[in-house]
Amino acid sequence: MSEVRAATTADIPQLIDAYGWLFEPPGAKPAAWDPVVAADRLERTISGPRSGVLVAVEDETVVGFGTTYLDIESVRFGQRCWVEDLAVDPSQRSGGIGAALLAAARAWAKDNGATHLELDSSTARTDAHRFYHRHEPSSQSLNFGWETA
C-alpha cells in the first residue's frame, strides 16, 4: 500500500525519472526538457509558499506524483489551485494511487484557501479522462494554449 505525502528535496532524483511517465504516448517530451532545469523547478515548487509536490511512495520508491499551484484569485470563483502534473507508474495504475493523489491535491487546495481544483489534460489522454470522469468533476472546460517562445 502506498503512502501519499509532501515531497522533499531528497525525492527529486526519483521525480525527474518519474516525469518520463508523462512523456510516454500519448504524451511527448517537451522540446526544451532539461533534467537539471526540472530539478531546480521541483526544488522551488517543493519549497514555495504557493505550490507543492505530492508523492505516492511504496518502500521508499516514488510510484506516483502530483504538483499543485495556487493561481489566480478569480472575481467569480475565488482562489484557484491547479494540478499541473499528475502521474502514476504505468505498472501501478488502477490500484488507487491516482485516486489517493487526486484526493490529496484536493485537500492541499482546500487547506491553502482554494475554492476550486483544476487541471488541464490533452485531448489525446483518453485513459486519463476516464479516470477524471470517475472522480465526478463539478465542471469541465476546453483549454487553449500558446507557446510564447
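Further up the page is the structure itself.
As the structure is a prediction and not an experimental result, all values here were calculated from the model.

Asks: Just checking my understanding: could you explain the nonpolar core for this structure?
Replies: Soluble globular proteins tend to pack their nonpolar side chains together in the buried interior. Formed by 18 residues in total, the largest nonpolar core has its most connected members in Leu-15, Leu-42, Val-55 and Phe-65. Where this core is concerned, the elements lending two or more residues are α1 (12–18), α2 (20–23), α3 (35–47), β2 (51–58) and β3 (61–74). A per-element tally of this core places α1 first, with four residues. In terms of nonpolar packing, the next biggest core, distinct from the first, is built from 13 residues, Leu-86, Leu-101, Leu-102 and Tyr-132 among them.

Asks: What is the right way to look at the environment of Gln-140 in this model?
Replies: Counting through the fold element by element, Gln-140 comes out in the segment after α5 (126–134). Classification of Gln-140 by relative accessible area gives exposed; the value is 60%. Once the C-alpha coordinates of Gln-140 and Phe-23 are considered, the two residues, 117 residues apart in sequence, prove to be 24 Å apart.

Definitions and cut-offs
Position numbers for residues count from 1 along each chain, tracking the sequence in the order it is written. Where totals are concerned, whole chains, interfaces and linings use all residues; where local detail is concerned, this predicted model gives features only for residues with pLDDT of at least 70, and gives and counts side-chain atom pairs only at 80 or more. Processing note: side-chain calculations cover all non-hydrogen atoms of the structure and skip hydrogens and water entirely. Here the nonpolar core consists of buried residues drawn from Ala, Val, Leu, Ile, Met, Phe, Trp, Tyr and Cys, with membership extended through side-chain atoms lying within 4.5 Å. Classification of residues uses two cut-offs on accessible area relative to the type maximum, computed with a 1.4 Å probe and protein chains only: under 20% is buried, over 50% is exposed, and between them is partly exposed. Only DSSP runs of H or I covering at least 4 residues are called helices, and only runs of E covering at least 2 are called strands; the numbering of each starts at the N terminus.

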